[in-house]
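Listed below are the residues making up each chain.
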Amino acid sequence: MAEKLMKYAEACKQFDPVFGLETHVELCTNTKLFCPAHIEFGGEPNTQLTPVSLGLPGSLPVVNKTAVDYAIKLGLALHCEINEWSQFARKNYFYPDMPRDYQISQYDKPTNGNGYLDVELDDGTVFRVPIERAHIEDDAGKNTHVGGADGRIEGADHSLVDYNRAGVPLIEIVTKPIEGAGDRAPEIAGAYMRAIRDIVRALGISHARMEQGNMRADVNLSLRRSPNDPYGTRSETKNVNSFRGIEKTLQYEIRRQAAILADGGEILQETRHWDESTQTTAGGRVKSDADDYRYFPDPDLVMLHITKEHIAEIEAQMPEMPRERRNRLKAEWNLTDLQMRDILNADALDLIEETVKAGATAAGARKWWLGELSREANAKGVSLEELPVTPADVAQVEKLIADGKLNDKLAKQTIAGVLAGEGTPDEVVAKHNYKIVEDTGAIDAAVEAAFEANPDVVEKLKGGNMKPMGVIIGAVMKATRGQADAKAVTKIVMAKIKS
């Protein structure tokens, strides 16, 4: 039975939403957090294991130093306080994908605490998201439910467990309650998650591919009548793994909770799950509080001691942060806010920057990645970076245009050849003998033929009406198989109509 929902605008008018995000970022270390098991996405199930991964008796964890350094990097990027002493704790719960029956996490002594992230919305508004902590923990394995609809446990015949992911290092970024967002809460949540993705990629600490589970979020929401009232009872929608899903989860939960509260009902503190197919959330289990996990310090791991000197060493290695980089490139490339948003929405910033570094102009690089190549990616249902064309290829095509060796039509045909696997741009050009017709005699003859075939157009041109010029140029380009230089054609046509 469908749940009762209030219209979104009305819900935000009657209630003040308060939300929080718990973002899990999988680190791209070579080995797991507490053992030397190799990490590789998509490997054969249960092949990336050690006794520590499986929680076998007598196995002892040893912390991965690289994972700790990655956590410090992220803490610096999120303006956190890096604690000199931090501690791992056992978080006790019993799931089939957790072979030890506890997770090694951090509780009251996290590595990073008390930070913030300023996120920029589409209209230029900057909203500060307060961060409670960014702590280190290991991931669970993966359950696959067989026989149920869409891989869900409901109706499944049996479940399979793959422990390859068990022990992979994570950083969990926990925000403080986010207040004052109003009806822009979903937009702010989406912008925040995209900013986190961009930061961890810039730092080189995670691939942050949500479709691969490298990054996911638990979405918490409660409503209250007024910003002056205490927080309401919250729901927590677990493991949402798309930006749009996170935004839709907040919209749905605001509408659902508002309808319950408006009818005098009470919100159940529970975990929920986002269903992409129905665009709804569904109830799971009653939400546990921290006490239910019986946290206590892990006796097999000593406390982490992070010195100021070590923090300074890592800080010296920090790259330019995404927001500063975007502002710099926007100024260097002379872009408007809208043009930069188009680039970001297409996830093309890195590709365009690499194309410019390879020798293209910013305008030329942007034209290809947001035009012809975006259409190709959309048609194939892949991302731009998955296309079989490199920034160097695009820059080479731009150079051929600038050198007068290709026109726009031939350039598009060259890119099509690269996409088809015919080789580099130079190899495609040589294979098909693409070249601009420079023989003015041949162009002149094609223009004369176009004039004879279109006498009415010629009369209009001679009368000063230049609108039908494209008819003549099009006919000449067809006659020369697209190899004539459009500028040369125009020059010859103009000379003839004035003579």
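To be clear, the structure that these remarks concern was listed above.
The present account deals with the structure reproduced in this document. Please read these numbers as outputs of a predicted model, since none were measured by experiment. (Residues numbered from 1 in each chain as written. Predicted model: local features only at pLDDT ≥ 70, side-chain atom pairs only at ≥ 80, totals over all residues. Heavy atoms only, no water.)

### Let's talk about the pattern of salt bridges
Here is step 1: For the coordinates displayed, the defined rule picks out 40 salt bridges.
Here is step 2: In this structure, lysine 4 and aspartate 263 form a salt bridge, with 2.9 Å as the shortest nitrogen-oxygen distance. Of the two residues, lysine 4 is situated in the segment before helix H1 (8-14) and aspartate 263 in the loop between helix H4 (243-262) and strand E13 (270-275); the sequence distance between them amounts to 259 residues. Each of the two residues, lysine 4 as well as aspartate 263, counts as exposed.
Here is step 3: Here arginine 184 ties to aspartate 123 by a salt bridge, and the two come within 3.2 Å at their closest N and O atoms. Remark: aspartate 123 occurs in the loop between strand E6 (112-120) and strand E7 (126-138) and arginine 184 occurs in the loop between strand E10 (169-175) and helix H3 (185-203); sequence separation between them is 61 residues.
Here is step 4: When salt bridges with common partners are traced through the structure, they connect Glu320, Arg325, Arg328, Glu332, Asp350 and Glu353 into a single cluster. (Salt bridge = Lys/Arg side-chain N within 4 Å of Asp/Glu carboxyl O. Helix = DSSP H or I, 4+ residues; strand = E, 2+ residues; numbered from the N terminus. Buried < 20%, exposed > 50% of the residue type's maximum accessible area, 1.4 Å probe, protein only.)

### What to know about the packing of aromatic side chains
Here is step 1: One pass over the full model with this rule turns up 4 aromatic pairs.
Here is step 2: Centroid distance phenylalanine 34 to phenylalanine 88: 5.3 Å. Interplanar angle 85 degrees. Geometry classified as edge-to-face. Of the two residues, phenylalanine 34 sits in the loop between strand E1 (16-26) and helix H2 (65-77) while phenylalanine 88 sits in the loop between strand E3 (85-86) and strand E4 (89-92), which places them 54 residues apart along the sequence. This pair shows no difference in class: phenylalanine 34 is buried, exactly as phenylalanine 88 is.
Here is step 3: With centroids separated by 4.1 Å and ring planes inclined at 0 degrees, the aromatic side chains of tyrosine 107 and tyrosine 295 adopt a geometry described as stacked. Note that tyrosine 107 is positioned in the loop between strand E5 (102-105) and E6 and tyrosine 295 in the loop between strand E14 (280-286) and strand E15 (296-297), a separation of 188 residues in sequence.
Here is step 4: With relative accessibility at 34%, the residue tyrosine 107 sits in the partly exposed group.
Here is step 5: The rings of Tyr93, Tyr107, Tyr293 and Tyr295 are connected pair by pair, giving a single aromatic cluster.
Here is step 6: The ring of tyrosine 293 has lysine 91 sitting right over it, with the charged end atom 4.5 Å from the ring centre.
Here is step 7: Across from the ring centre of tyrosine 116, 3.8 Å away, lies the NZ or CZ of arginine 128, which sits over that ring. (Phe/Tyr/Trp six-rings, centres within 6.5 Å; stacked < 30°, edge-to-face > 60°. Lys NZ or Arg CZ within 6 Å of the ring centre and 35° of its normal.)

### Here's the deal with the environment of proline 169
Here is step 1: Its location among the elements puts proline 169 in strand E10.
Here is step 2: With 103 residues separating them along the chain, proline 169 and threonine 66 place their C-alpha atoms 10 Å apart.
Here is step 3: Not counting the four nearest positions on each side in its chain, proline 169 is found in contact with Val25, Glu26, Leu27, Thr29, Thr31, Lys32, Leu33, Ile39, Ala67 and Glu137. (Contact = heavy atoms within 4.5 Å.)

### Re H2
Here is step 1: In this model H2 runs 19 Å from its N-terminal to its C-terminal C-alpha over 13 residues, within 8% of the 18 Å that 1.5 Å per residue would give.
Here is step 2: H2 sits mainly inside the fold: 11 of its 13 residues count as buried.
Here is step 3: Along H2, the residues that are buried comprise Ala67, Val68, Asp69, Tyr70, Ala71, Ile72, Lys73, Leu74, Gly75, Leu76 and Ala77.
Here is step 4: By the N-cap criterion, in which a side-chain oxygen at the helix start approaches the backbone nitrogen of a residue two or three places on, H2 is capped by asparagine 64, the distance to threonine 66 being 3.0 Å. (Expected span 1.5 Å × (residues − 1). Polar contact = N/O pair within 3.5 Å; in protein donor to acceptor, adjacent residues only side chain to side chain.)

### A few points about empty space enclosed by the protein
Here is step 1: All told, the structure shown has 1 cavity of 30 Å³ or more when counted by the stated rule.
Here is step 2: Its volume calculated, the largest cavity comes out at about 40 Å³.
Here is step 3: Lining the largest cavity are Lys32, Phe34, Cys35, Val52, Ser53, Arg100, Asp138, Ala166 and Gly167.
Here is step 4: Considered class by class, the residues forming the lining of the largest cavity number 4 nonpolar, 2 polar and 3 charged. (1 Å grid on protein atoms, 1.4 Å probe; cavity = no way out; pocket = protein on both sides within 12 Å on 5 of 7 lines; lining within 4 Å. Points joined across faces, edges and corners; volume = space filled by probe spheres on them. Nonpolar A, V, L, I, M, F, W, Y, C, P; charged D, E, K, R; others polar.)

### Notes on helix H6 (residues 322-332)
Here is step 1: Those residues of H6 lying buried are Pro322, Arg325, Arg326 and Leu329. For H6, the angular spread of the buried residues around the axis is 100 degrees, confining them to a single face.
Here is step 2: Buried residues belonging to H6 abut H3, helix H7 (337-345) and helix H8 (349-357).
Here is step 3: Where H6 ends, the next residue or the one after it, asparagine 334, has phi of about 55 degrees, a positive value. (Arc of directions from axis to C-beta.)

### Considerations on the packing of helix H12 (residues 408-419) against helix H13 (residues 425-432)
Here is step 1: Where H12 meets H13, the axes come as close as 9 Å, and the angle between the chain directions of the two elements is 110 degrees. Here H13 runs roughly perpendicular to H12, going by the angle between their axes. Here the hand of the crossing between H12 and H13 comes out right-handed. Residue-level contacts link Gln413, Thr414, Gly417 and Val418 of H12 to Pro425, Val428 and Val429 of H13.
Here is step 2: Tallied by class, residues from the contact of H12 with H13 come to 4 nonpolar, 3 polar and no charged. (Axes fitted to C-alpha atoms, helices over the stretch in contact; angles between N-to-C directions. Parallel < 35°, antiparallel > 145°, perpendicular 65-115°, else oblique. Left-handed = near helix turned anticlockwise from the far one by under 90°.)

### Some points on the environment of histidine 158
Here is step 1: Here histidine 158 lies in strand E9 (residues 158-162).
Here is step 2: A relative accessible area of 40% places histidine 158 in the partly exposed class.
Here is step 3: Here the alpha-carbon distance between histidine 158 and glutamine 269, two residues 111 residues apart in the chain, equals 29 Å.
Here is step 4: For histidine 158, the contacting residues outside a window of four places in its chain are Thr144, His145 and Val146.

### Remarks on the nonpolar core
Here is step 1: Membership of the largest hydrophobic core comes to 73 residues, with the highest contact counts inside it found for Phe19, Ile173 and Tyr192.
Here is step 2: Top contributing element to this core by residue count: H3, with 11 residues.
Here is step 3: Apart from the residues within four sequence positions on either side, isoleucine 173 is in contact with Leu21, Glu22, Thr23, Val25, Leu74, Leu78, Ile131, Arg133, Ala134, Tyr192 and Ile196.
Here is step 4: Of all hydrophobic cores here, the second largest spans 32 residues; its members include Leu329, Met340, Val397 and Ala411. (Core = buried A, V, L, I, M, F, W, Y, C linked by side-chain atoms within 4.5 Å.)

### Observations concerning the sheet that holds strand E12 (residues 235-240)
Within a beta sheet, neighbouring strands are joined by backbone hydrogen bonds and run either parallel or antiparallel to one another.
Here is step 1: In space, the 9 strands of this open sheet follow the order E2-E6-E7-E10-E1-E11-E12-E13-E14, with mixed pairing throughout. In this open sheet, the two edge strands, each paired with only one partner strand, are strand E2 (81-82) and E14.
Here is step 2: Bridging between E13 and E14 involves 5 bridges; their strand directions are antiparallel. Opposite arginine 272, over in E14, you have glycine 283 as the bridge partner. (Pairing = 2+ DSSP bridges.)

Just geometry here; none of it tells us what the structure is for.
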